[in-house]
Amino acid sequence: MKIISICRSLLLSVSTLLFVACSSQPPAPPIAPAPQEVSPTSELLSEAEINRVGELYGPLAEARVRFWQKLIVEQGEAALWLKLQKVNNFFNQARFVDDEDIWQQSDYWATPLEFLIMDAGDCEDFSVAKYFTLKQMGVDEDKMRLTAVKAVSLNKAHMVLAYYDVPSEEPLILDNIDPRILPASKRMDLIPVYSFNGEDLWLAKTRTQVHRAEGKADTIKSWVSLKQRRSAGVPLLQQVLIPPR
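Residues numbered from 1 in each chain as written. Predicted model: local features only at pLDDT ≥ 70, side-chain atom pairs only at ≥ 80, totals over all residues. Heavy atoms only, no water.

Enquirer: Help me out: how do you make sense of the pairing of strand β7 (residues 190-196) in this one?
Expert: Consecutive side chains along a regular strand alternate between the two faces of the sheet. The buried fraction of β7 amounts to six of the seven residues, a majority that puts the element mostly inside the structure. Examined bridge by bridge, strand β3 (residues 144-151) and β7 share six bridges and lie antiparallel to one another. In the sheet register, L146 faces β7, and the bridge partner there is F196. (Buried < 20%, exposed > 50% of the residue type's maximum accessible area, 1.4 Å probe, protein only. Helix = DSSP H or I, 4+ residues; strand = E, 2+ residues; numbered from the N terminus. Pairing = 2+ DSSP bridges.)

The structure is reproduced here in structure tokens:
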């Protein structure tokens, strides 16, 4: 069998495992609301959209969204390390809840807005929210990769966000299991399998080395669906089993 076929088979099998389960964390306190409003820009929600969130999902959901938008504006010019810390800490306050319990689906990748409305999600949702938020704050998309891993201690598939200051060097890991931002070599509990960003796809060779795979990130159906919903504005979330808090 050719090496390309082997890589594709590996990617398919690992993607299936990732979609079945990912690692959890204990419940955390709710995100503190912020009363201040931010000025809308082309990269932020409009005031009408934020108000719509409040109308549909209540004042706490609206407060979380306002705090999120305020974070993007106020930390947009901050040092990189501070951006990573602020975003990682902000989203890690949400609850870990399986997709079946929220969306009545075995696998659903929520948009950052959906994640904030519910204040709950699984590992993909934590990682995706951090990715798009950092991108809005000016972090180079080419330096970030959503990374499918195996969480060894829990024996489960998992997803984290990896930040590469230099593509050939080891990344920093932003995770909802361990709140510390650590180099990949310090996360011996994680075994990387594949990673992707807005365009490209990589297969892992070691904890710190990857090689580009054939194909693009848009071959991942959940990623394509998420991006389509993200561009559609405030969602109408009807089929949920746990209410937003």
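Enquirer: How do you make sense of the side chain of D125 when you look at a structure like this?
Expert: Take D125: it is sitting in helix α7 (residues 123-136). The side chain of D125 sits in the buried core without any salt bridge; R229 is the nearest counter-charge, 7.5 Å away. Separated by 2.8 Å, the side chain of D125 and the backbone nitrogen of A110 make a polar contact. If near-sequence neighbours (up to four positions away) are discounted, D125 is found in contact with D99, Y108, W109, A110 and F115. (Lys, Arg positive; Asp, Glu negative; His and termini not counted. Salt bridge = Lys/Arg side-chain N within 4 Å of Asp/Glu carboxyl O. Polar contact = N/O pair within 3.5 Å; in protein donor to acceptor, adjacent residues only side chain to side chain. Contact = heavy atoms within 4.5 Å.)

Enquirer: In this structure, what is going on with the confidence of the model for the protein chain? I would like to understand it.
Expert: When pLDDT is low, close inspection of the predicted coordinates is not appropriate. Across the protein chain, pLDDT averages 80, with 71% of residues at or above 70. Below a pLDDT of 50 lies the segment residues 1-20, which in the model reaches 22 contacts outside its immediate sequence neighbourhood of four places, other chains included. (pLDDT = per-residue confidence, 0-100.)

Enquirer: What am I meant to see in the pattern of salt bridges here?
Expert: For side chains bearing opposite charge, pairing can occur when the charged atoms are close. Applying the stated criterion across every chain, the model contains eleven salt bridges. Between D119 and R64 there is a salt bridge whose closest N-O contact spans 3.8 Å. You can see D119 sitting in the loop between α6 (112-118) and β2 (120-121) and its partner R64 sitting in helix α3 (residues 59-74), a full 55 residues away along the chain. Since its relative accessible area comes to 1%, D119 is described here as buried. As a salt-bridge pair, D189 and R187 come within 2.8 Å of each other at their nearest N and O atoms.

Enquirer: Would you take a moment to explain the environment of W81 for this structure?
Expert: Relative to the helices and strands, W81 is located in helix α4 (residues 80-91). In this structure the C-alpha to C-alpha distance between W81 and I181, which are 100 residues apart in sequence, comes to 9.5 Å. Not counting the four nearest positions on each side in its chain, W81 is found in contact with L172 and I181.

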